Amino acid sequence: MRQTLVIYLDVLLFVNVVVNFTILYITYKILGMKVSKPRIIFATALTSLYGLVVCLPQMSILLNIFFKIAIAAITVLIAFDFKGAKFFLKSILVFLAVTFAYIGIITSFQYLPFASSAFFIQNGEVYYNLPLPYILAATIALFLIETLISRYFSKKLKKGETVECKIVIRDKEVNITAFCDSGNFLSEPLSGLPVVIVNTKTLLPLLPEEAAVKNSSDLFSVLEKDDFFKLRLRAVPFHGAGNCGGVLVGLKPDRFWAGKEEKEVILALDDSFFKNGQNYDAILNL
């Protein structure tokens, strides 16, 4: 006799949203990327809606494989953008690896009480009719695994070290060497973001031609005339030893990497902190 399975769409959509959001968030972390809220929301919505194919008649194996690959590729493009074929392939592999890990964790729950008949697979999608605590437990387990892996492989920046950084502004980029200084406690007052002090000369390729000036006040006035940079300008007050202090010209970059980790920072443009003979162009806020 054929058994009839009742699929609750509210349960299906809720579980899909939780599972897919978690998978994408963990993928961001493993790739060392800053989470983009609009991108992760749209990607989660796409993958969650695709999960509804579990309610459709069984597709052929080839058609099923085609749709799975296509959805995975589109999801990665939406969530992480296209930054070259190598990064695209890496993103897909990490995304699939995290997906398989999550499915493995949840599927293992079939051996727990009241969950032996809570799994239904159709068109490559799994319907989990599980109690909410089981779903939350799988989510927590995956976050713990990711945290342990990240701590094991990540290299902590230490005082006195130098690290290679990349700054992207207006589709242009420069690579610089930054010094890790635990004495840099600067942060931008409004956003609270950490401030990286950068030698102005190293950023000139990213700035308007008129920015080749000698002092911060002129630089601020030059950038303020450009509509693109005007929205990214920030004022960064600082205090030094004694009565030394003032305001640095701050600039929010489009993207910033310290080593392989992407960070959200404010750049403070100044060259008075840098002397001849130094082997670095910026000072990081640890």
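Cut-offs and rules
- Residues numbered from 1 in each chain as written.
- Predicted model: local features only at pLDDT ≥ 70, side-chain atom pairs only at ≥ 80, totals over all residues.
- Heavy atoms only, no water.
- Helix = DSSP H or I, 4+ residues; strand = E, 2+ residues; numbered from the N terminus.
- Buried < 20%, exposed > 50% of the residue type's maximum accessible area, 1.4 Å probe, protein only.
- Contact = heavy atoms within 4.5 Å.
- Polar contact = N/O pair within 3.5 Å; in protein donor to acceptor, adjacent residues only side chain to side chain.
- Lys, Arg positive; Asp, Glu negative; His and termini not counted.
- Salt bridge = Lys/Arg side-chain N within 4 Å of Asp/Glu carboxyl O.
- Pairing = 2+ DSSP bridges.
- Phe/Tyr/Trp six-rings, centres within 6.5 Å; stacked < 30°, edge-to-face > 60°.
- Lys NZ or Arg CZ within 6 Å of the ring centre and 35° of its normal.
- 1 Å grid on protein atoms, 1.4 Å probe; cavity = no way out; pocket = protein on both sides within 12 Å on 5 of 7 lines; lining within 4 Å.
- Points joined across faces, edges and corners; volume = space filled by probe spheres on them.
- Nonpolar A, V, L, I, M, F, W, Y, C, P; charged D, E, K, R; others polar.
- Disulfide = S-S within 2.5 Å.
- Expected span 1.5 Å × (residues − 1).
- Axes fitted to C-alpha atoms, helices over the stretch in contact; angles between N-to-C directions.
- Parallel < 35°, antiparallel > 145°, perpendicular 65-115°, else oblique.
- Left-handed = near helix turned anticlockwise from the far one by under 90°.
- Core = buried A, V, L, I, M, F, W, Y, C linked by side-chain atoms within 4.5 Å.

Caption draft 1: Representation of the overall build of the protein in the model. Counting its secondary structure elements, the protein contains eight helices and 11 strands. Out of the 286 residues in the protein, the part that is buried amounts to 40%. The long-range share in the protein, meaning contacts at least 24 apart out of those at least 6 apart in sequence, stands at 62%.

Caption draft 2: The arrangement of the side chain of threonine 202 in detail. Among the secondary structure elements, threonine 202 is positioned in helix α6 (residues 200–203). One polar contact links the side chain of threonine 202 to the main-chain carbonyl oxygen of asparagine 199, over a distance of 2.7 Å. Those residues within four positions of threonine 202 in sequence are excluded, and the remaining contacts are Val174, Ile176 and Asp281.

Caption draft 3: Just the side chain of glutamate 188, in detail. As for its position among the elements, glutamate 188 is in the loop between β4 (172–181) and β5 (195–198). Buried charge without a partner: glutamate 188 forms no salt bridge, and the closest opposite charge is arginine 234, 4.7 Å away. With residues up to four places along the chain from it excluded, the contact list for glutamate 188 reads Leu193, Val195, Arg234, Ala235 and Ile266.

Caption draft 4: Highlighting the pairing of strand β3 (residues 162–169). Two elements, β3 and β4, share eight bridges in a ladder whose sense is antiparallel. Counterpart to cysteine 165 in the pairing with β4 is isoleucine 176. Connecting the antiparallel pair β3 and β4 is a turn made up of two residues, with arginine 170 showing a positive phi of about 55 degrees. As paired strands, β3 and strand β8 (residues 255–258) are joined by four bridges and run antiparallel to one another. Residue pairing across strands places valine 168 opposite arginine 255, the latter belonging to β8.

Caption draft 5: Summary view of the packing of aromatic side chains. Under the criterion given, the structure shown has four aromatic pairs. Aromatic pair phenylalanine 179 and tyrosine 280: ring centres 4.9 Å apart, planes at 20 degrees, arrangement stacked. With phenylalanine 179 in strand β4 and tyrosine 280 in the loop between β10 (266–269) and β11 (282–285), this pair connects stretches of sequence that are 101 residues apart. A cation sits over an aromatic face here: arginine 232 above phenylalanine 228, 3.9 Å from the ring centre.

Caption draft 6: Examining empty space enclosed by the protein more closely. Tallying each qualifying case throughout the model produces one cavity of 30 Å³ or more. Put simply, the largest cavity is a space of about 50 Å³. Lining the largest cavity, in full, are Lys34, Lys252, Pro253, Asp254, Arg255, Phe256, Glu262, Lys263, Glu264 and Val265. Taken together, the residues that form the lining of the largest cavity break down as three nonpolar, no polar and seven charged.

Caption draft 7: Broad picture of the state of the cysteines. This model, assessed by the stated rule, comprises zero disulfides. With no disulfide of its own, cysteine 165 lies closest to cysteine 180 among cysteine sulfurs, the gap being 7.7 Å. Under the relative-accessibility criterion, cysteine 165 is labelled buried at 3%.

Caption draft 8: Geometry of helix α4 (residues 85–107). The end-to-end C-alpha separation of α4 is 33 Å, in line with the 33 Å expected for 23 residues at 1.5 Å each. Taken together, the buried positions of α4 are Phe87, Phe88, Ser91, Ile92, Val94, Phe95, Val98, Thr99, Tyr102, Ile105 and Ile106.

Caption draft 9: Expanded view of the packing of helix α2 (residues 37–50) against helix α3 (residues 61–80). The contact between α2 and α3 brings their axes to 8 Å, and the two run at 165 degrees. With respect to their mutual orientation, α2 and α3 come out roughly antiparallel. The element α2 and its partner α3 pack so that their crossing is right-handed. Between α2 and α3, the residues in contact are Arg39, Phe42, Ala43, Leu46, Thr47 and Tyr50 and Asn64, Phe67, Lys68, Ile71, Ile74, Thr75, Leu77, Ile78 and Ala79, respectively.

Caption draft 10: The nonpolar core, seen in detail. In terms of nonpolar packing, the biggest core is built from 29 residues, with Ile167, Leu203, Leu207, Phe256 and Leu267 touching the most fellow members. Leave out the neighbours within four places in its chain, and leucine 207 touches Leu219, Leu223, Phe229, Leu251 and Leu269. Among the nonpolar cores identified, the runner-up in size contains 28 residues, and Tyr28, Ala72, Val98 and Ile135 belong to it.

Limitation: the analysis is restricted to geometry and does not speak to function.
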